[in-house]
Amino acid sequence: MIQRKQTLWFLASSIIAALAFVLPFGFKNTTSLNSYQIKIRDFDAKTETLLILLFGAIVLVNLGAIFLYKKRNWQISTAILGIVLGVVAFAYEIYFSTKEGNTITFGIANSVLYIGLLLPLLTIALTFLAMRGVQQDIKLLKETDRLR
């Protein structure tokens, strides 16, 4: 199970999805006209209930796919589900970051690096690599069955 490349891709994708609970993906300037203090609140996956569910599901789906190593078709199905969840998480982060005066940042803003917005894209890429590894295993098994 651990010696397969796709297991490492699934594991890396799960770890990166779990980082979404720690790394911010944007900030909100909560300063009103009456106050003189600038208050900036970071957004991470713990900010919104839907993001908690999405990133939690991505982590569980990718970890679950590791243990489906004997059922490769199910692994591909769970990888596709992980990719779809990653796309939905990325779309919702973009939506949440741009609604109601929130600011979306793709780089360095006020000397703080906001890379949390790219985490769903990394999970999508790693899950895709894992899915390709599973497909290569299926292809290899079909070729060895044909040679017997």
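Located above this text is the structure these notes cover.
Attention in this report is confined to the structure presented alongside it. (Residues numbered from 1 in each chain as written. Predicted model: local features only at pLDDT ≥ 70, side-chain atom pairs only at ≥ 80, totals over all residues. Heavy atoms only, no water.)

This model, assessed by the stated rule, comprises one salt bridge. As a salt-bridge pair, Asp137 and Arg4 come within 3.0 Å of each other at their nearest N and O atoms. Highlighted residues: Asp137 in helix α4 (residues 119-147) and Arg4 in the segment before α1 (5-19), separated in sequence by 133 residues. (Salt bridge = Lys/Arg side-chain N within 4 Å of Asp/Glu carboxyl O. Helix = DSSP H or I, 4+ residues; strand = E, 2+ residues; numbered from the N terminus.)

One finds Leu51, Phe55 and Ile58 to be the most contacted residues of the largest nonpolar core, which totals 18 residues. Ignoring anything within four residues of it in the chain, the contact list for Phe55 reads Ala17, Ala20, Phe21, Ala45, Ala89, Glu93 and Pro120. Residues Phe10, Ile76, Ala130 and Val134 belong to the second largest nonpolar core, which totals eleven residues. (Core = buried A, V, L, I, M, F, W, Y, C linked by side-chain atoms within 4.5 Å. Buried < 20%, exposed > 50% of the residue type's maximum accessible area, 1.4 Å probe, protein only. Contact = heavy atoms within 4.5 Å.)

Next up on the list: a nonpolar patch on the surface. Taken together, the side chains of Leu11, Ile15, Leu19 and Leu63 present a nonpolar region at the surface, about 300 Å² in accessible area. Relative to the elements of secondary structure, Leu11 occurs in helix α1. A residue is classified by how much of its surface remains accessible, and Leu11, at 33% relative accessible area, is partly exposed. (Patch = residues over 30% accessible without salt bridge, like charges linked within 9 Å, V, L, I, M, F, W, Y side chains within 5 Å. Areas by Shrake-Rupley, 256 points an atom, 1.4 Å probe, with all protein chains shown as cover.)

Its place among the elements puts Leu50 in helix α2 (residues 49-66). For the pair Leu50 and Ala89, spaced 39 residues apart in sequence, the C-alpha to C-alpha distance is 8.6 Å.

With the rule as written, the count across this model stands at two aromatic pairs. Consider the rings of Phe21 and Phe55, whose centres lie 6.5 Å apart with planes at 70°: the pair is edge-to-face. Here the residue Phe21 occupies a position in the loop between α1 and β1 (26-29), and Phe55 occupies one in helix α2, the gap between them amounting to 34 residues. Given a relative accessible area of 0%, Phe55 falls into the buried group. Considering the side-chain rings of Tyr92 and Tyr95, the 5.9 Å spacing of their centres and the 45° angle between planes classify their relative orientation as tilted. Separated by three residues within a single helix, Tyr92 and Tyr95 lie in helix α3 (residues 72-98), roughly one turn from each other. For Tyr92, a relative accessible area of 15% corresponds to the buried category. (Phe/Tyr/Trp six-rings, centres within 6.5 Å; stacked < 30°, edge-to-face > 60°.)

The next thing to look at is the packing of α1 against α2. Their axes nearest at 8 Å, the elements α1 and α2 cross at an angle of 165°. One way to sum up the angle between α1 and α2 is to call them roughly antiparallel. The crossing of α1 and α2 is left-handed. Facing α1, whose interface residues are Thr7, Phe10, Leu11, Ser13, Ser14, Ala17 and Ala18, α2 presents Phe55, Ile58, Val59, Asn62, Leu63, Ala65 and Ile66. Of the residues contributing to the contact of α1 with α2, the split by class is ten nonpolar, four polar and no charged. (Axes fitted to C-alpha atoms, helices over the stretch in contact; angles between N-to-C directions. Parallel < 35°, antiparallel > 145°, perpendicular 65-115°, else oblique. Left-handed = near helix turned anticlockwise from the far one by under 90°. Nonpolar A, V, L, I, M, F, W, Y, C, P; charged D, E, K, R; others polar.)

The subject of this paragraph is α1. Spanning 15 residues, α1 covers 21 Å between terminal C-alpha atoms, matching the ideal 21 Å at 1.5 Å per step. Of the residues making up α1, those classed as buried are Gln6, Thr7, Phe10, Ser13, Ser14, Ile16 and Ala17. (Expected span 1.5 Å × (residues − 1).)

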